[in-house]
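An overview of the molecular structure
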Amino acid sequence: MVRIHPSILSADFVNLERDLERIASADGVHLDVMDAHFVPNLTFGLPMVQRIAEVTSLPIDVHLMIDDPDTWALQYAIDGVDSVTFHAEATRDAVALARELRARGARAAIALKPGTAVDDVLEHLREFDMVLVMTVEPGFGGQSFMSEMMPKLQELRGRADELGIELALQVDGGITADTLPIAAAAGADVFVAGSAVYGHADPAERIHALRLAAAPQPGSLDR
């Protein structure tokens, strides 16, 4: 099943509640928490996530691009937050952190930068509910999709199938109606899209177009 998670990085922060309402047809909302240390950008933290949880009924997908998630990630496992993603490159003990997140009622997800191999994640795949394969370098929106990341998705999907586990595979970066089918064919089923949704007058229409892109049909929107 294709799931579209618009990223609010491309929304209007002054009118954020309005822009959350404009994506009501999405499957979730993606919140990028950046600390200006792990990545060279600063966005927002826990108070913003808490407030968003109060005003939207969409499942919240928190992506922590921060140092020391072992200390901070558990604070984000709050009511309204469906999943918490932390980076493999930043954690000291990914398995222990994933287990703690699950114990607090959140789905546990691990993210991989483009330069990070999948080997360690493959070894412990049962511990995670989702793996995020970054298709750009994390930290900024508007970058070009890196198709060379597709073998990672193929490896992860193949291993999940071997183990017989339900694993969500998310991609984040450069997702459009043109690139989404490439990632879907490699095994991805959760797609983070920022400007591809909020960069258009009708975000709901773009969400629909992205869903159609996974299996193009006659009469679908021009991509």
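Here the residue index of a chain counts from 1 through its sequence in written order. The model is predicted, so local features are restricted to residues of pLDDT at least 70 and side-chain atom pairs to those at 80 or more, both for listing and for counting; the totals for chains, interfaces and linings are taken over all residues. Hydrogens and waters are ignored; side-chain quantities use all the structure's heavy atoms.

Within the chain one finds nine helices and eight strands. Relative to a compact globule of 223 residues, whose C-alpha radius of gyration would be 17 Å, the chain shows 16 Å and is just as compact. Only protein chains enter the calculation, and the probe is 1.4 Å; a residue is then buried if its accessible area is under 20% of its type maximum, exposed if over 50%, and partly exposed in between. The buried share of the chain, taken over its 223 residues, is 53%. Shrake-Rupley sampling with a 1.4 Å probe provides the accessible areas, and residues are treated as covered by the protein chains on show and by no other component. Total accessible area on the chain stands at roughly 9800 Å², and carbon and sulfur atoms take up 48% of it. Numbering goes from the N terminus for both helices and strands, where a helix is a DSSP run of H or I of at least four residues and a strand is a run of E of at least two. Both definitions apply: the radius of gyration is a C-alpha atom measure, and the globule rule equals 2.2 Å times residues to the power 0.38.

Given two aromatic rings, their pairing is described by the distance between the two centres and the angle made by the two planes. When the centres of two rings from Phe, Tyr and Trp lie within 6.5 Å, Trp using its six-membered ring, the rings pair. Their planes under 30 degrees apart give stacked, over 60 give edge-to-face, and anything left gives tilted. Across all of its chains, the model carries one aromatic pair by this definition. When the centroid spacing of 6.0 Å and the interplanar angle of 55° are considered together, the rings of Phe-13 and Phe-44 count as tilted. Of the two residues, Phe-13 sits in the loop between strand E1 (3-6) and helix H1 (16-21) while Phe-44 sits in the loop between strand E2 (29-34) and helix H2 (46-55), which places them 31 residues apart along the sequence. Residue class for Phe-44 comes out buried when judged on its relative accessible area of 10%.

Averaged over all residues, the pLDDT of the chain is 94; the fraction at 70 or higher stands at 95%. Per-residue confidence from the prediction method is given by pLDDT, with values spanning 0 to 100. Residues are treated as being in contact if the distance between any of their heavy atoms lies within 4.5 Å. Across residues 217-223, confidence stays below pLDDT 50; counting only partners more than four residues off in sequence or on other chains, it has 10 contacts.

Given a helix with a known number of residues, its expected span is that number minus one, times 1.5 Å. Compared with the 16 Å implied by 1.5 Å per residue over 12 residues, the 17 Å span of helix H9 (residues 203-214) between its first and last C-alpha is a close match. Of the positions making up H9, those classed as buried are Pro-203, Arg-206, Ile-207, Ala-209, Leu-210, Leu-212 and Ala-213. Turning to H9, the residues buried within the fold contact E1, helix H7 (180-185), strand E8 (190-193) and helix H8 (195-198). Definition of a polar contact: a pair of N or O atoms within 3.5 Å, with one able to donate and the other able to accept a hydrogen when the atoms are protein atoms, and with sequence-neighbouring residues admitted only if both atoms are side-chain atoms. One side-chain oxygen at the N-terminal end of H9 lies 3.2 Å from the backbone nitrogen of Ala-204; it belongs to Asp-202.

Next up on the list: the environment of Ser-195. Relative to the elements of secondary structure, Ser-195 occurs in helix H8. Put simply, Ser-195 and Gly-115 are 80 residues apart on the chain and 24 Å apart in space, counted from C-alpha to C-alpha. Apart from residues lying up to four places away in sequence, Ser-195 is in contact with Ser-10 and His-200.

Strand pairing follows a simple DSSP-based rule, namely that at least 2 bridges must link the two strands. The strand order across the open sheet formed by eight strands is E1-E8-E7-E6-E5-E4-E3-E2, and the pairing between neighbours is parallel. Of all the strands in the sheet, just E1 and E2 have a single pairing partner and so form its edges. Direction aside, the axes of adjacent strands within the sheet are offset by 25° on average. Throughout, an axis means a line fitted to C-alpha atoms (over the contacting stretch in the case of helices), and angles, computed between N-to-C directions, take values from 0 to 180 degrees. Strand contacts of helix H4 (residues 94-103): strand E4 (81-87) and strand E5 (107-112), with the helix running at about 170° to E4, the strand carrying the most contacts. Of the strands in this sheet, E5, strand E6 (130-134) and strand E7 (168-172) touch helix H6 (residues 150-163), which is tilted by about 170° from E7.

Turning next to the side chain of Lys-152. For Lys-152, the location among the structural elements is in helix H6. Within this scheme the basic residues Lys and Arg register as positive and the acidic residues Asp and Glu register as negative, but His and the chain ends are omitted. Take a side-chain nitrogen of Lys or Arg and a carboxyl oxygen of Asp or Glu: if they are within 4 Å of each other, that pair is a salt bridge. Notably, Lys-152 is buried but unbridged: the nearest opposite-charge side chain belongs to Glu-89, and the N-O separation is 6.7 Å.

The subject of this paragraph is the pattern of salt bridges. Following the criterion strictly, the structure yields 12 salt bridges and no others. Across the pair Asp-19 and Arg-22 runs a salt bridge whose closest N-O atoms are separated by 3.3 Å. A relative accessible area of 2% places Asp-19 in the buried class. Accessibility expressed as a relative area gives 29% for Arg-22, which makes it partly exposed. For Arg-211, the salt bridge identified is with Asp-27, shortest N-O distance 2.9 Å. With Arg-211 in helix H9 and Asp-27 in the loop between H1 and E2, this residue pair connects regions lying 184 residues apart in the sequence.

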